[in-house]
Amino acid sequence: MLQQIKGLHHVTSMADDARTNNRFFTDTLGLRRVKKTVNFDSPDVYHLYYGDATGTPGTVMTYFPFPQMPRGRAGTGEVGTTVFSVPRGSLGFWQERLAALGASGLKQTESFGEKRLNFAGPDGDGFALVEVEDDPRTPWTEGGITEDHAIRGFHSVAMRLRDEGATAELLKFMGYEELDRKDGVTRLIVPGGNGASLVDLETLPNISRAAQGAGSVHHVAFAVDNREKQLEVRKAMMDTGYHVTPVIDRDYFWAIYFRTPGGVLFEIATNEPGFDRDEDIAHLGEALKLPQQHKHLRPVLESHLQKLEA
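Parameters and conventions
Residues numbered from 1 in each chain as written. Predicted model: local features only at pLDDT ≥ 70, side-chain atom pairs only at ≥ 80, totals over all residues. Heavy atoms only, no water. Helix = DSSP H or I, 4+ residues; strand = E, 2+ residues; numbered from the N terminus. Rg over C-alpha atoms; globule rule 2.2 N^0.38 Å. Contact = heavy atoms within 4.5 Å. Areas by Shrake-Rupley, 256 points an atom, 1.4 Å probe, with all protein chains shown as cover. Lys, Arg positive; Asp, Glu negative; His and termini not counted. Charge placed at Lys NZ, Arg CZ, Asp CG, Glu CD. Core = buried A, V, L, I, M, F, W, Y, C linked by side-chain atoms within 4.5 Å. Buried < 20%, exposed > 50% of the residue type's maximum accessible area, 1.4 Å probe, protein only. UniProt positions renumbered as here; feature names shortened; annotations may be inferred. Polar contact = N/O pair within 3.5 Å; in protein donor to acceptor, adjacent residues only side chain to side chain. Phe/Tyr/Trp six-rings, centres within 6.5 Å; stacked < 30°, edge-to-face > 60°. Lys NZ or Arg CZ within 6 Å of the ring centre and 35° of its normal. Pairing = 2+ DSSP bridges.

In the nomenclature of an unreviewed UniProt entry, the protein corresponds to VOC domain-containing protein from the organism Sinorhizobium meliloti CCNWSX0020.

In structure tokens form, the structure reads like this:
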């Protein structure tokens with residue numbers, strides 16, 4: 001069993017409009033845009049990152065907004081719900097706020113003894129807020145939401161699977177332990193994690209496979225401290241029979257990827273070097289930052305990419 005993984009690092013999804021996406025995460029949810037860059041493989045498309053003040057691993061939601069991208073079809077083989085941690089007693093505030101701002105799919109429920117508020121993002125993305133007692137992570141409050149209500153970071157992700165067995169075994173190999181089972185959902189936790197320590201596996205044997213599009217999670221990334229730990233994980237996964245990519249420099253972290261038995265794309269990302277490697281912390285996410293191989297495209301990209309603020 002591996003011990004290098006500390007919990008979630010980031011979750012990356014897709015959208016069909018960059019400005020709408022930016023407004024939802026910064027204005028509606030009150031997160032900080034910590035990086036404005038482009039897709040490494042398709043530089044005419046943004047890669048936007050939202051999180052806490054510095055983009056701490058375990059807080060960062062990222063998006064590829066492909067203009068006019070068709071909406072995805074929900075199903076198995078994907079992350080169905082991305083869940084954020086909020087302080088105890090704050091769901092009433094969020095219910096009123098999200099309703100006033102036109103969010104759909106609002107529904108308060110309880111799961112594993114936790115109060116939660118489910119809602120949909122602009123592209124039908126599946127989200128929830130869960131009340132957590134004494135989450136020690138410091139929230140970003142300059143987005144207009146006070147500390148007693150503000151999002152702390154990820155609580156968990158919920159994966160929809162036809163059969164959870166092989167994915168559960170994979171997560172256990174990655175250092176997760178089964179915490180509980182209830183109503184067809186298996187909850188796993190990585191002990192001593194970074195606060196974004198939970199993964200839920202929903203077994204839905206009669207549901208068809210998902211089709212990715214706007215509103216779909218592209219991949220979920222797990223955090224390791226550094227490149228040395230990442231290489232240890234890579235070797236262990238390859239020794240177990242997984243096809244793992246070479247290490248890829250993503251400017252703000254190094255990444256490796258592999259496909260899980262249930263169909264979800266996993267990434268292992270380093271906590272280093274962080275989002276302040278090319279911007280002062282006070283100005284994170286303000287300027288368009290380009291990977292080295294795309295810097296010659298700046299004039300074209302600056303004229304082509306949608307302005308995020310109206």
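### Describing the overall build of the protein
A tally of helices and strands in the protein yields 5 helices and 16 strands. In summary, the protein has a C-alpha radius of gyration of 18 Å against a globular reference of 19 Å for 310 residues, a match within 12%. Overall, the protein is about 50 × 45 × 35 Å in size when its C-alpha atoms are taken along their principal axes. Partitioning the intrachain contacts of the protein with sequence separation of at least 6 by distance along the chain shows that 67% fall at a separation of at least 24. Split by element, the accessible area of the protein, about 13300 Å² in all, is 49% carbon and sulfur. Side chains of the protein carry 34 positive and 43 negative charges; the gap between the two charge centres is 4 Å.

### Some words on the nonpolar core
Leu129, Met159, Val220, Phe222 and Phe266 are the most contacted members of the largest nonpolar core, which has 62 residues in total. The next biggest cluster of nonpolar side chains, apart from the first, holds 12 residues, and it includes Tyr252, Phe253, Leu265 and Leu284.

### Re the environment of Gly143
Mapped onto the elements, Gly143 comes out in the loop between strand 8 (126-132) and strand 9 (153-161). Sequence-wise, Gly143 and Phe64 are 79 residues apart; in three dimensions their C-alpha atoms are separated by 22 Å. If near-sequence neighbours (up to four positions away) are discounted, Gly143 is found in contact with Thr26 and Gly30.

### Re the UniProt feature "domain: VOC" (unreviewed entry) in the protein
Residues annotated by UniProt as "domain: VOC" (unreviewed entry) correspond here to residues 7-132 and 153-271. Segment residues 7-132 splits into 17% helix and 47% strand. End C-alpha atoms: 16 Å apart. In residues 153-271, helix accounts for 18% and strand for 42%; the two terminal C-alpha atoms are 15 Å from one another.

### Describing the side chain of Arg137
In this fold, Arg137 is placed in the loop between strand 8 and strand 9. Among the residues examined, Arg137 registers a relative accessible area of 15% and is labelled buried. At 3.3 Å, the side chain of Arg137 forms a polar contact with the backbone oxygen of Gly58. A polar contact of 2.8 Å, which involves the side chain of Arg137, links it to the side chain of Asp135. The contacts of Arg137, once residues within four sequence positions are left out, are Gly58, Ser85, Arg152, Gly153, Phe154, Asn194, Gly195 and Ala196.

### Things to note about the packing of aromatic side chains
In this structure the tally under the stated criterion is 18 aromatic pairs. The interplanar angle of 70 degrees and the centroid separation of 6.4 Å between the aromatic rings of Phe64 and Phe66 together place this pair among those described as edge-to-face. For Phe64, a relative accessible area of 10% corresponds to the buried category. Aromatic pair Phe258 and Phe266: ring centres 5.9 Å apart, planes at 70 degrees, arrangement edge-to-face. Through successive ring pairs, a cluster of aromatic residues spans Phe24, Phe25, Tyr50, Tyr63, Phe84, Phe119, Phe127 and Phe154. The ring of Trp254 carries Arg227 above its face, with NZ or CZ at 4.4 Å from the centroid. Directly above the aromatic system of Phe40 lies the positively charged group of Arg250, at a separation of 5.0 Å from the ring centroid.

### What about the pairing of strand 2 (residues 32-38)?
Counting buried positions along strand 2 yields 7 of 7 residues, so the element is predominantly enclosed. As defined by bridge partners, strand 2 adjoins strand 3 (residues 46-51) across 6 bridges and the pair is classed as antiparallel. Bridged to Lys35 within strand 3 is Tyr49.

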